[in-house]
Amino acid sequence: MTLQIRPLIAADKPAWAELWQGYLEFYKTTLPEAQYALTFARLLDEARPQWGLLALVDGRPAGLVHYLFHAHNWQDADICYLQDLYAAPEARGTGLGRALIEAVRDRASAAGSSGLYWMTQEGNATARQLYDRLAEKTDFIKYRMDLE
């Protein structure tokens with residue numbers, strides 16, 4: 001198996017959309033097509049502080065990760081938020097998830113970021129086994145208030 005991690009390019013849109021759909025289905029979420037188009041455009045927009053990477057296994061798209069940088073009021077440097085991480089079912093257990101996280105970590109480090117963080121659902125036991133090996137679980141609880 002050969003694994004390659006590279007930035008998203010415009011030609012990746014169909015493969016990215018298929019992986020993104022798998023990610024959303026995993027979290028029991030649906031989004032309108034317009035949001036797919038907007039999200040992909042944002043990931044390619046060099047003026048925005050967010051990016052996407054694609055994982056290729058033997059030349060075929062098999063995973064994705066999205067990340068962004070933002071200010072942190074407790075530190076001088078920006079921090080990196082890994083917002084979305086997905087490995088296609090056939091690619092799980094191959095090291096693809098770790099490779100995607102490490103690729104973001106390397107980019108965050110190169111950008112002078114103060115750290116990298118992400119969230120997952122409490123019941124995502126398979127992914128949490130990996131996350132527990134790579135990072136420290138915090139005791140923060142997420143709250144959300146929808147506006148509209």
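As a reminder, the structure under discussion sits directly above these lines.
A. Quick peek at the packing of aromatic side chains. In total, this model carries 12 aromatic pairs according to the counting rule given. With 5.2 Å between their ring centres and 65° between their planes, Tyr23 and Tyr27 make a pair best called edge-to-face. A ring pair is formed by Tyr23 and Tyr86, whose centres lie 6.4 Å apart and whose planes are at 80°; its orientation type is edge-to-face. Residue Tyr23 is found in helix H1 (residues 13-26), and its partner Tyr86 is found in strand S4 (residues 79-87); the two are separated by 63 residues along the sequence. For the pair Tyr23 and Tyr86, a shared accessibility class is recorded, and that class is buried. One aromatic cluster is present, built from ring pairs that chain together Trp16, Trp20, Tyr23, Phe26, Tyr27, Tyr36, Phe40 and Tyr86.

B. Quick peek at the pairing of strand S3 (residues 60-70). The element S3 is extensively covered by neighbouring structure, given that eight of its 11 residues are classed as buried. Sheet analysis places strand S2 (residues 50-57) next to S3, joined by eight bridges and oriented antiparallel. The residue bridging Gln50 from the neighbouring strand is Leu68, located in S3. Count of turn residues in the S2/S3 antiparallel hairpin: two residues, of which Asp58 carries a positive phi of about 50°.

C. Helix H2 (residues 33-44), seen in detail. End to end, H2 covers 17 Å across 12 residues, agreeing with the expected 16 Å (1.5 Å per residue, within 8%). Buried positions along H2 lie against H1, S2 and S3.

D. Representation of H1. The end-to-end C-alpha separation of H1 is 20 Å, in line with the 20 Å expected for 14 residues at 1.5 Å each. When we look at burial in H1, the residues that qualify are Trp16, Leu19, Trp20, Gly22, Tyr23 and Leu24. Close packing links the buried residues of H1 with H2, S2, S3 and S4. Looking one or two residues past H1, Lys28 carries a phi angle of roughly 50°, positive in sign.

E. Region of interest: the sheet that holds strand S1 (residues 3-7). Spatially, S1-S2-S3-S4-S5 is the arrangement adopted by the five strands of the open sheet, whose pairing is mixed. Looking along the sheet, the strands with just one partner apiece sit at the ends: S1 and strand S5 (116-118). Put simply, the sheet's adjacent strands are angled 30° from each other on average, direction ignored. Sheet topology places S1 next to S2; five bridges connect them, and they run antiparallel. When the bridges of S2 are listed, Gln4 appears paired with Leu56. Packing of H1 onto the sheet brings it into contact with S2, S3 and S4, and relative to S3 it is tilted by some 75°.

Conventions adopted
Sequence positions are assigned chain by chain, starting from 1 and proceeding in written order. Only residues with pLDDT of at least 70 are given local features in this predicted model, and only at 80 or more are side-chain atom pairs given and counted; all residues enter the totals for whole chains, interfaces and linings. By convention in this description, side-chain values take in all heavy atoms of the structure and omit both hydrogens and water. In this scheme Phe, Tyr and Trp rings, the latter by its six-membered ring, pair at centre separations within 6.5 Å, and the angle between planes marks the pair as stacked below 30 degrees, edge-to-face above 60, and tilted otherwise. Here a strand is any run of E in DSSP of at least two residues, a helix any run of H or I of at least four, and the numbering for each starts at the N terminus. Residue exposure (1.4 Å probe, protein chains only): buried if accessible area is under 20% of the type maximum, exposed if over 50%, otherwise partly exposed. The pairing criterion is simple: DSSP has to find at least two bridges between the two strands. The span expected for a helix works out to 1.5 Å for each residue beyond the first. Contact criterion: two residues are considered in contact whenever any of their non-hydrogen atoms come within 4.5 Å of each other. Axis lines are fitted through C-alpha atoms, for helices just across the contact stretch, and the angle between N-to-C directions can take any value from 0 to 180 degrees.

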